[in-house]
Every structure is written in C-alpha cells, then in structure tokens.
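One letter stands for each residue in the lines below.
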Amino acid sequence: MTTRDLTRTTSTPDTSTRTTRTSTRRTDRIRRTTFGRRTAALLALLTLASATGTTGAVAAPTGAAAPAVPARYAHQQLAWQTCAEEATLECATMTAPRDWHHPDSGPDITVAVSRHRATDPARRIGTLLTAAGGPGGQGLLRPADHVRNAPALGASYDIIGFDQRGVGHSTRAVCQTPEEFRTFFSGDFRDDTPADRARVIANSATLAAGCEQRSGGLLPFLTTEQTARDIDLLRALLGERRISYYGPSYATMIGAYYATLFPQRIERMVLDSNIGFDGTWERFQLGQPMSFQRRFEEDFLPWLAARDATYHYGTTPAEAKARWEARRAALREHPIVDGQLILGPNQLDNGTIQGIYRENNGFTLLATALTALDDWTAADPAARTTARRVFGDYLSPEFLAEFFAVTCGDTPWTRDLSRWAVRGAENAARWPLVGARTLAFAAVCASWPAPTAPRVHVTGSGLPPTLMLNSVHDPATYYEAALSAHRALRGSRLVTVTDNGDHGQYPGPNPCVRNAVESYLLTGATPAADLTCPTVTTS
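Residues numbered from 1 in each chain as written. Predicted model: local features only at pLDDT ≥ 70, side-chain atom pairs only at ≥ 80, totals over all residues. Heavy atoms only, no water.

**Describing the overall build of the protein chain**
What counts, and what does not: Secondary structure follows DSSP: runs of H or I at least 4 residues long count as helices, runs of E at least 2 residues long count as strands, and numbering of each begins at the N terminus. For each residue, the accessible area found with a 1.4 Å probe, counting protein chains only, is set against the maximum for its type, and the residue is called buried under 20%, exposed over 50%, and partly exposed in between. Computed with the Shrake-Rupley method and a 1.4 Å probe, the accessible areas treat only the protein chains shown as cover for residues.
For the protein chain, the helix and strand inventory stands at 22 helices and 12 strands. Within the span of the protein chain, comprising 539 residues, buried residues form 61% of the whole. Accessible surface computed for the protein chain: about 20200 Å², of which carbon and sulfur atoms make up 53%.

So this is what it looks like as structure tokens:
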C-alpha cells in the first residue's frame, strides 16, 4: 500500500470530522448485507454524463453513449475566493453527484478545489491539474508548493489542486476515533499465535464496521473511477477543452484512470512514482513488503552505518540492523509511554516506514529519533521531540478512512482470512518491516463491503505521449510495478532514476529529471525513448 503522500506538513489530513448526509436511496440497499453476518463469517464502461452546448463540456468516454449531466452540476459556477489556509491561492467548492452512474440517487457531495493563476499571462500554456497521493492525502494547497518549487510551471500554467472526494475539506468518510485508531496499531503485528491472529482480525473488522456505520452510505463511491469523473467535471467548469496533469504516488492511478476514461481531454500528463495501476490493489500491495525491506536494508542501514560517529548504531549494516531489532524487542516488552505517546514495536515499524520514503531529511530524522529510544528520560530533548514526530504522527484516522475506502473498494480482494494468516506469517518472516502488517490490512479489505466499482483497464489508447518517473528503490511505489504500468500505458516514456529510492522525483534536485519534466510540460517535447537519470549525490 502507499502509506504516505508527498504533502507538505500543513497539508496533513484534517483531524476534524464532517458527517455526510444519510442516504435512503436504492444504491445503499443494493450494496449492503448486515455487517454482523459478514464479520462472523470472516472470523470463523459504465458511463459518465455529458453536458452539451459549452466549450468545456463534460464528455463521456470515447464510444460510450451517455445521458446528459444534470444541469445543477454542469452549469454551476465556481465562486473563487482567497484560500483561508494559503493566501497565494484561490479556493472554491464544487458540487458533484455522490454516484456518477446514478447522479439523481443519493445526496450530493462537495469537492474543495484551488487554483494559482499563471504568473506570466503572456506565456500561459493552459491548465495543469495536480492531485495528491495516499490514498488519503490532501491536494488543496499543493499548487502553492508547485509554484514555489517549480516557478517555470507557475509562470506558464494555471495550477489547479483539489481535495479528492473523501478527504480534507471535501465530503469525507469517518471511520475511527483517535483512541480506536491507536487500538488498531496496538501490540505487535509480528505475534502469530491463534489468539494474536483473532485479535488482529477483530480490530480490522471493527475498523471496517466503523467506516460503514459512520460514513452515511458514502464508502462505495470513494473510488478512483468516481474521482476521475470529478476531475472531468472540474475541467469543464474551468472552461478547458483539455488539461495537463501531474500526479505523484496514488495520484498516478487517478491520472491513469482519468486518461483512460477521457483520453481526448489530456494535453500532457506526468505520473511520478507509480502505483501498479494496471492491476488490482491486492496484487500491488503484496509487492510492498519486499520493496520496503529492500529500501531499509540496502539504502537506509548502509547510510546509518556510514554515520556511526553521529548516531552510534554500528559500523556495518548488519550491526545497525541488529541494534534496530534489539530496540524493537525491548519496546515489545516495555513500550515507551510519554503523555499521549505510546511507542511500541508497531510504532517503531511505522516511523521507520515513514522515514525511508526520502533520503534528504527523512533518513536524518529517523536516525535522530532512533537515538532517543535507548534511554528515553535521559535522551537529548531535541531527539525526543523528533522521536515523537517520527513515531507518533504516522497516518491518522482520517487518512486511513480514505485509504481503505479506495484500496478496498476499487478492485476485488481475496476474503479467505486463513490464506491471509498464512501469507502474513510468511511476509513477516521474510520482509518483516511491512510484511508483519499483512493480515491486519488485508483483513480490513476482507471485511469491507464487496467492491461495486467498474474496472478501468489502462491501455494508453488515444493518448498523446505521457511521461512516467520512478526511482529503482522506491519503497512505496516499487520499480517492478512501475515497469508493468509503463507497459500497460502504451506510448508512455519512463524516466528511471538510478541509485536512488526516493518516493517522488519532481520537483527535486535532479537536473536530469527536472529537465525532462519541464521540457515536456512547457514545450511538449518527449524523450525519444525511455530515459535513465543518474542520481545527484548531495552531502
């Protein structure tokens, strides 16, 4: 799974709650069986509507016969005003149907959108829409980061962001309280007795039940396919016949689905750090234990050992790993409790997972946090503060609500928990950092309402050349999945960043990557073939 989005600190998932309106419509009755029966058992192209008569009309997928979008969506006006959280941006609220396939069934949803106007109108190329990863990340304030970090794009594009359905300031799901969230991550996911398995499965079923009971019928419609259709409504309301797109992490799947459903609406598209959008979420997530362990053992531990004079964790990767494992065992027996912080073995895993997404600042923050764990009370106060941040701020109930809604609802999952128990034990033994949680996360999807979303098969048909970026040791969006997605997205060019494992390559310090992306977005020039960019070494 993709557990972290490339969002700036101010864009972490909102901790407030919004109750979605309760549906009494037929679509809810179709998808539901009683949760109690399902939990007991576990424990033992459909078309998008089109508007006519405007230059930015919402279009149906090529070859599909689509009814008209109700006028209340197609003819709405976006009321732009300065964003409350970012004065350089304008924000507005878009209304969309909860279910694009039955737009008159159930309550509407709202989608929070933002824009930054091109700073050089004379050079304006068009509109560049950006999306956030996760699933569960927020994208509303993302255009401000793009303008700061990629000023050439900010000069030439109106840059658009949004909180996709389910997160942030848009209509969103509600699953757990903070206390329930802590229970989900309690204990040690490596423990594998029958009682441990039953506890993990029960916690996962409780999470799924909370999502279903508290989200007002919203869950079946928090899918990538529905989000792609929201994007086309937004494109139409912006008055654009075509848009360009940049998306990292999970947003690569959003972009690939949108481009598949509406290829005639894509001008240029950059997909950065790629989900395996050519297959199922189950298949993709089964590859992540390997890729996170690879990043940990082949990149982070050698980095840590090379800095033994600073962090005192051993002079070889093997010594550093042995010390990390010893610290984990100690936390299993005696978790650190400091106010609201409870730091046990799962929290050590979580912070380590989060810390290895990017070498710059990620590795340093993780290493600093690890130094505080040997003697918490005597540790340097700054190291303790870093440790609270690294090990105490992993995801959130709001993030996981969207994460599971999308990953469990987009594509089918195996529901045989005995198989997941066996697979979880195998993954924990071979790739323990992420593999230990296999049963916990899979059991949520096994407890989830059966997916009803139509499958979207990405082919690249009808698209202009697109650009894909990926590092070879990316832990979350692993290179093997990117290669498979690249083959599916015919006509794409893959930029491979070697000797690197960072998640998210643009905008960044690598001039080869930056040149490839900006030449493409600013001029339309694509590499003649797939491209390899060596890593730029920084001190």
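**Overview of the pairing of strand E7 (residues 266-274)**
Heads up, the rule is: Think of it this way: DSSP has to see at least two bridges between two strands before they count as a pair.
Along E7, 8 of the 9 residues are buried, which leaves the element largely enclosed by surrounding structure. Here E7 pairs with strand E10 (residues 467-471) via 3 bridges, running parallel. If you follow Val270 over to E10, its bridge partner there is Leu467.

**Some details on helix H20 (residues 438-447)**
Of all 10 residues making up H20, 10 are buried, and the element is well covered by its neighbours. Buried within H20 we find Thr438, Leu439, Ala440, Phe441, Ala442, Ala443, Val444, Cys445, Ala446 and Ser447.

**A short note on the pattern of salt bridges**
Definition in use: The working definition used for a salt bridge is a side-chain nitrogen of Lys or Arg within 4 Å of a carboxyl oxygen of Asp or Glu.
Evaluation of the coordinates by the stated rule reveals 30 salt bridges. The residue Arg148 makes a salt bridge to Asp145 at a minimum N-O spacing of 3.1 Å. With Arg148 and Asp145 both in helix H4 (residues 142-149) and 3 residues apart, the pair spans about one turn of that helix. What makes Arg148 partly exposed here is its relative accessible area of 46%. For Asp191, the salt bridge goes to Arg332, with nearest N and O atoms at 3.0 Å. Here Asp191 is found in the loop between helix H6 (178-184) and helix H7 (194-214), whereas its partner Arg332 is found in helix H13 (residues 317-333), with 141 residues between them in sequence. On the basis of relative accessible area, Arg332 is assigned to the partly exposed category, the value being 40%. Ionic contacts of the salt-bridge type, sharing partners, join the residues Asp188, Asp191, Arg328, Arg332, Glu333 and Asp349 into one network.

**Section: the state of the cysteines**
Under the convention used in this document: Disulfides are defined in this document as cysteine sulfur pairs within 2.5 Å.
In the structure shown here, the tally under the stated rule is 4 disulfides. Linked covalently through their sulfurs, Cys175 and Cys211 form a disulfide whose S-S length is 1.8 Å. Negative torsions about the S-S bond denote left-handed disulfides, and the value of about 115 degrees found for Cys175 with Cys211 makes this one right-handed. Placement of Cys175 in the loop between strand E5 (157-163) and H6 and of Cys211 in helix H7 is noted, with a sequence separation of 36 residues between them. The class for Cys175 is buried, based on a relative accessible area of 4%. The disulfide partner of Cys512 is Cys533, and the gap between their sulfur atoms is 1.9 Å. Linking Cys512 and Cys533, the disulfide has an S-S dihedral of approximately -65 degrees and is accordingly described as left-handed. Of the two residues, Cys512 sits in helix H22 (residues 511-523) while Cys533 sits in strand E12 (residues 531-533), which places them 21 residues apart along the sequence. Taking the relative accessible area as the measure of exposure, Cys512 reaches 24% and is therefore partly exposed. The exposure class of Cys533 is buried, given its relative accessible area of 0%. Disulfide partners in the protein chain, listed by the sequence order of the bonded cysteines, are 1-2, 3-4, 5-6, 7-8.

**Topic: the packing of aromatic side chains**
To describe a pair of aromatic rings, one takes the distance between the centres and the angle between the planes. We apply this condition: A pair of aromatic rings is counted whenever rings of Phe, Tyr or Trp (Trp by its six-membered ring) have centres within 6.5 Å, and the orientation is called stacked for planes under 30 degrees apart, edge-to-face for over 60 and tilted otherwise. Placement of a positive charge over a ring is assigned whenever Lys NZ or Arg CZ falls within 6 Å of the ring centre and within 35 degrees of the normal to the ring plane.
Per the counting criterion, the structure on display carries 25 aromatic pairs. Here the aromatic rings of Phe184 and Phe189 are separated by 6.5 Å at their centres, their planes lie at 70 degrees, and the arrangement is edge-to-face. Take Phe189: its relative accessible area is 10%, and that puts it in the buried class. Taken together, the aromatic side chains of Phe181, Phe184, Phe185, Phe189, Tyr394, Phe403, Phe404 and Phe441 make up a single cluster linked through ring pairs. Above the ring of Tyr313, the side-chain terminus of Arg323 is found at 4.8 Å from the ring centroid.

**Remarks on the confidence of the model for the protein chain**
The following threshold applies: The quantity called pLDDT is the predictor's confidence in a given residue, expressed from 0 to 100. Here, two residues are considered to be in contact whenever any of their heavy atoms come within 4.5 Å of each other.
Mean pLDDT for the protein chain: 89, with 87% of residues reaching 70 or above. Confidence drops under a pLDDT of 50 for residues 1-67, and excluding neighbours within four residues, the segment shows 196 contacts in the predicted structure.

**Considerations on the packing of helix H18 (residues 417-430) against H20**
The condition that has to hold: Lines are fitted to the C-alpha atoms to define the axes, a helix being fitted only along its stretch in contact, and any angle between axes, read from their N-to-C directions, falls within 0 to 180 degrees. An angle below 35 degrees is treated as roughly parallel, one above 145 as roughly antiparallel, one from 65 to 115 as roughly perpendicular, and anything else as oblique. By the definition used in this description, the sense in which the near helix is turned from the far one sets the handedness, with an anticlockwise turn below a right angle giving left-handed and a clockwise turn giving right-handed.
In the contact formed by H18 and H20, the axes pass within 8 Å of each other and the chain directions differ by 155 degrees. Classified by the angle their axes make, H18 and H20 are roughly antiparallel. The handedness of the crossing between H18 and H20 is right-handed. Between H18 and H20, the residues in contact are Leu417, Trp420, Ala421, Arg423, Gly424 and Asn427 and Thr438, Leu439, Ala442, Ala443 and Ala446, respectively.

**Notes on the sheet that holds strand E2 (residues 86-97)**
Strand order in the open sheet made by the 10 strands is E1-E2-E3-E5-E4-E6-E7-E10-E11-E12, with mixed pairing throughout. Each of the sheet's edge strands pairs with one partner strand only, and the pair in question is strand E1 (81-83) and E12. With direction set aside, neighbouring strand axes in the sheet form an average angle of 25 degrees. Where strand E4 (residues 126-130) and E5 come together, 4 bridges link them in parallel fashion. What sits directly across from Gly126, in E5, is Tyr157.

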